[in-house]
Amino acid sequence: MFRHDLLWPQRRVAVSDKVHARERIEPREQESDLEPTDIKNPDYFHKVVDCQWACPAHTPVPEYIRLIAAGRYADAFMINWESNVFPGILGRTCDRPCEPACRRGRVEEEPVAICRLKRVAADYKGDVSDRMPTAPPARNGKKIALIGAGPASLTVARDLAPLGYHLVIFDGDSRAGGMIRSQIPKFRLPEEVIDEEVGYIAAMGPQMRLGHPIDSLKGLLDEGYEAIFVGSGAPRGRNLDLPGRREAAANIHIGIDWLSSVSFGHISKIGRRVIVLGGGNTAMDCCRSSRRLGGDDVKVIVRSGFEEMKASPWEKEDAIGEGIPILNFLVPKEFKHNNGKLYGMTFEKVEAEYDDRGRRRLVPTDEPDSFFECDDVLVAVGQENAFPWIERDIGLSFNEWDMPVVDEITFQSTEPRVFFGGDSAFGPKNIIWAVAHGHQAAISIHQFCRGIDVNDRPPPMVTLASQKMGIHEWSYDNGVSLDLRFKVPHRNKDVALKDIRSEVELGFDDKLAFAEAQRCLNCDVQTVFTDNLCIECDACVDICPVDCITFTDDGEEAELRTRLMAPARNKDQTLYVSGQLKTGRIMAKDEDVCLHCGLCAERCPTGAWDMQRFLIDVAQAENACCSK
């Protein structure tokens, strides 16, 4: 339920008297005072836009949501495409790191449906092919190899193709997309969406060597490429070496391999009783796919607790909604079979035990083992990298986990010509991280090919513009909606479970999209304070619905946070602190709880407060500049 008390200032007591009284009875010794906030630092207001800050690709979320509310779907799509490359794909499959960060979640039960609004932009955009960049007629003479045709490599190709590079993409599969195409079920991500968004990059002219796996990195280096990008993913699923595994192998499947076989049409059915082992998103895709291929008794069995599962909350919710139970704190012990015919599994019951430092370990409960019948088992207990095709004598170092040593900023390996990104760089994550890696690796490759230090990272481009349209009117809708999160319509379950290619989520229509977009608090429209215009009348303090503004003496940060109108407990979010005012006090604002409603600027009689739209474009290869 929305906390209405946060929005109506007339319910509050006189604020300025309350603050001054507190200061009189709480004398303190002043330590090192805070310096005034440098709002010219691009990271300051960027961090206030919590959703964009949390997004690995730093997508300008509030900007595209406003465009959706205005019905400008193509513009919203292109803003997404510049940052995250795959709006329609990610609008259905993203792991949504932006949503837990959403400011709306601090005053309501649920954040804005940022991910599903991204899909709206893709669904309603129309034809945008004429807005896509193209490769220049003349190449720049530099030839780059990209290993793997997944999201990381495709992002590198998208960034480098317009700069004139000759790009050659290698992949063992016959169609581009990598794990997007092979491991995400079609009931979550239709084939035509993949074809369209991969097609935009293919149309830029990279040479696609599909059905051509690389078996020797040394051989590829000898072919004279200026640089090589490895975006081969984490292609190997972890196995479980338990009693009965080899004997019953015909009915025990590695989850990601099984999903790939289903995706490419090599598998079209499964046994009636299915056990899925694992608690990640792959396990959720496996169990839901099994329900559509003939499994009517499908269960997920996990060694951890429900809350500790790696699967996203909505993935678990969707699985449970399709009648799939999730059984927790059960450790697999043995595959049961009769002469190689699998008929069940046994599990040891465990419970979580925590030491004084909060570290968890699973300990047996000493209860009898649990037994579950099954016809097939899908093992989805994790993925790992495999690099048998990378020779160990080419100057490329590997760490103790047999992972390449890769710089976390430049994505360059110890072999200067070789760069990594996506799951192949630091292990399995998700699509949006692969995209972020691809953007940064493209910058490095561009710098490297021009003989510039790859550590010389181009700065972001920032604009900060007033939204004033009169004395107290703004060019954006600053009203705070009280609506709870709108639900995305789903296909009827009975219909959806009959067809593995029938998309389950139907997406928002334009009316629901508008209503959901109105829930956005416009966190990128910043409250900007001008010291020398303030007359310290405290009008902004009185009107603020969330007590985020305080006029007080300066002080050391930790102590100052306790003296604000509402104590600023989130130390990850910086305080906005003014310079010294005429009375010697300062203005301190807790950015963490501000609703960006603009009431402070509307009430201010001198214009000391202004609402200014902050837009940051994180640098990509196209705007990488030369070193001085």
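Refer to the structure above for everything that follows.
The following refers to the structure shown. (Residues numbered from 1 in each chain as written. Predicted model: local features only at pLDDT ≥ 70, side-chain atom pairs only at ≥ 80, totals over all residues. Heavy atoms only, no water.)

## Remarks on the side chain of Asp554
Reasoning step 1: Looking at where Asp554 falls in the secondary structure, it is placed in the loop between strand S19 (549-552) and helix H21 (557-562).
Reasoning step 2: Lacking a salt bridge, the buried Asp554 has Arg563 as its closest oppositely charged neighbour, with an N-O distance of 6.3 Å.
Reasoning step 3: For Asp554, the side chain forms a polar contact with the main-chain nitrogen of Leu34, separated by 3.3 Å. (Helix = DSSP H or I, 4+ residues; strand = E, 2+ residues; numbered from the N terminus. Buried < 20%, exposed > 50% of the residue type's maximum accessible area, 1.4 Å probe, protein only. Lys, Arg positive; Asp, Glu negative; His and termini not counted. Salt bridge = Lys/Arg side-chain N within 4 Å of Asp/Glu carboxyl O. Polar contact = N/O pair within 3.5 Å; in protein donor to acceptor, adjacent residues only side chain to side chain.)

## Details of the sheet that holds strand S2 (residues 166-171)
Reasoning step 1: Strand order in the open sheet formed by five strands is S3-S2-S1-S4-S16, and the pairing between neighbours is parallel. Among the strands making up the open sheet, the edge pair consists of strand S3 (207-210) and strand S16 (418-420). Taking each pair of neighbouring strands and ignoring which way they run, the sheet shows an average axis angle of 20 degrees.
Reasoning step 2: Pairing geometry for strand S4 (residues 227-230) and S16, over three bridges, is parallel. Bridging across to S16, Val230 finds its partner in Phe420.
Reasoning step 3: Sheet contacts for helix H17 (residues 431-449): strand S1 (143-147), S4 and S16; angle to S4, the most-contacted strand, approximately 170 degrees. (Pairing = 2+ DSSP bridges. Axes fitted to C-alpha atoms, helices over the stretch in contact; angles between N-to-C directions. Contact = heavy atoms within 4.5 Å.)

## Points about the pairing of strand S18 (residues 525-529)
Reasoning step 1: The element S18 is largely enclosed, with a buried count of five among its five residues.
Reasoning step 2: Here S18 shows a buried face lined by Val525, Thr527 and Phe529 and a second buried face lined by Gln526 and Val528.
Reasoning step 3: The pairing of S18 with strand S22 (residues 609-617) spans five bridges and is classified as antiparallel. Note on S22: the bridge partner recorded for Val528 is Asp610.

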